[in-house]
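If you want the building blocks of each chain, they are given just below.
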Amino acid sequence: MVNFWNSSSRVDNKYMYVCHAEMNAVLNKNASSVEDCRIYVALFPCNECAKIIIQSGIKEVILNHATAKVSIKKQLFFTIGDLLL
């Protein structure tokens, strides 16, 4: 049996099969669209998730905890004038 969590093989590594929670939420939604919806996140979304959130039309991001190093990621959100943080 392959140990996916510690394997050095590119195919047998867990990172080939997992995604961030934000991406998972947008892709596996229970509606036809998430436009004008809100998303709840534990930490400030990474750059890739921030782009997915913006492109999907989500209008509000509810943060449980904001980290100190978020200035670049905040710029992504603030370029969209009507996105709320």
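Each remark here, short or long, concerns the structure printed above.
Thresholds, definitions, all that
Residues numbered from 1 in each chain as written. Predicted model: local features only at pLDDT ≥ 70, side-chain atom pairs only at ≥ 80, totals over all residues. Heavy atoms only, no water. Helix = DSSP H or I, 4+ residues; strand = E, 2+ residues; numbered from the N terminus. Buried < 20%, exposed > 50% of the residue type's maximum accessible area, 1.4 Å probe, protein only. Contact = heavy atoms within 4.5 Å. Core = buried A, V, L, I, M, F, W, Y, C linked by side-chain atoms within 4.5 Å. Patch = residues over 30% accessible without salt bridge, like charges linked within 9 Å, V, L, I, M, F, W, Y side chains within 5 Å. Areas by Shrake-Rupley, 256 points an atom, 1.4 Å probe, with all protein chains shown as cover. Salt bridge = Lys/Arg side-chain N within 4 Å of Asp/Glu carboxyl O. Polar contact = N/O pair within 3.5 Å; in protein donor to acceptor, adjacent residues only side chain to side chain.

Asks: Which residues make up the overall build of the protein chain, and what are the values?
Replies: A count of helical and extended segments in the protein chain gives three helices and two strands. Each helix and strand of the protein chain, placed in order from N terminus to C terminus, yields the pattern α-β-α-β-α. Within the protein chain, the fraction of its 85 residues that count as buried is 25%. For the protein chain, the proportion of contacts with a sequence separation of at least 24, taken over those separated by at least 6, is 37%.

Asks: Can you break down the nonpolar core residue by residue, with the values?
Replies: For soluble globular proteins, nonpolar side chains are generally found buried alongside one another. Counting seven residues, the largest nonpolar core is built from Val26, Val34, Ile39, Val41, Ile53, Ile58 and Val61. Setting aside its immediate chain neighbours within four residues, Val34 contacts Lys29, Ser56, Gly57 and Ile58.

Asks: Summarise a nonpolar patch on the surface; cite the residues concerned and give the values.
Replies: Among the surface-exposed residues, Tyr15, Met16, Tyr17 and Val18 lie close enough to one another that they form a single nonpolar patch of about 500 Å² accessible area. Relative to the assigned elements, Met16 resides in the segment before helix H1 (21-27). Note on Met16: relative accessible area 55%, which makes it exposed.

Asks: How would you sum up the side chain of Ser56? Please name residues and give values.
Replies: With respect to the helices and strands, Ser56 occurs in helix H2 (residues 47-56). Looking at Ser56, the relative accessible area reads 18%, which means it is buried. At 2.9 Å, the side chain of Ser56 and the backbone oxygen of Ile53 are in polar contact. Those residues within four positions of Ser56 in sequence are excluded, and the remaining contacts are Val26, Val34 and Glu35.

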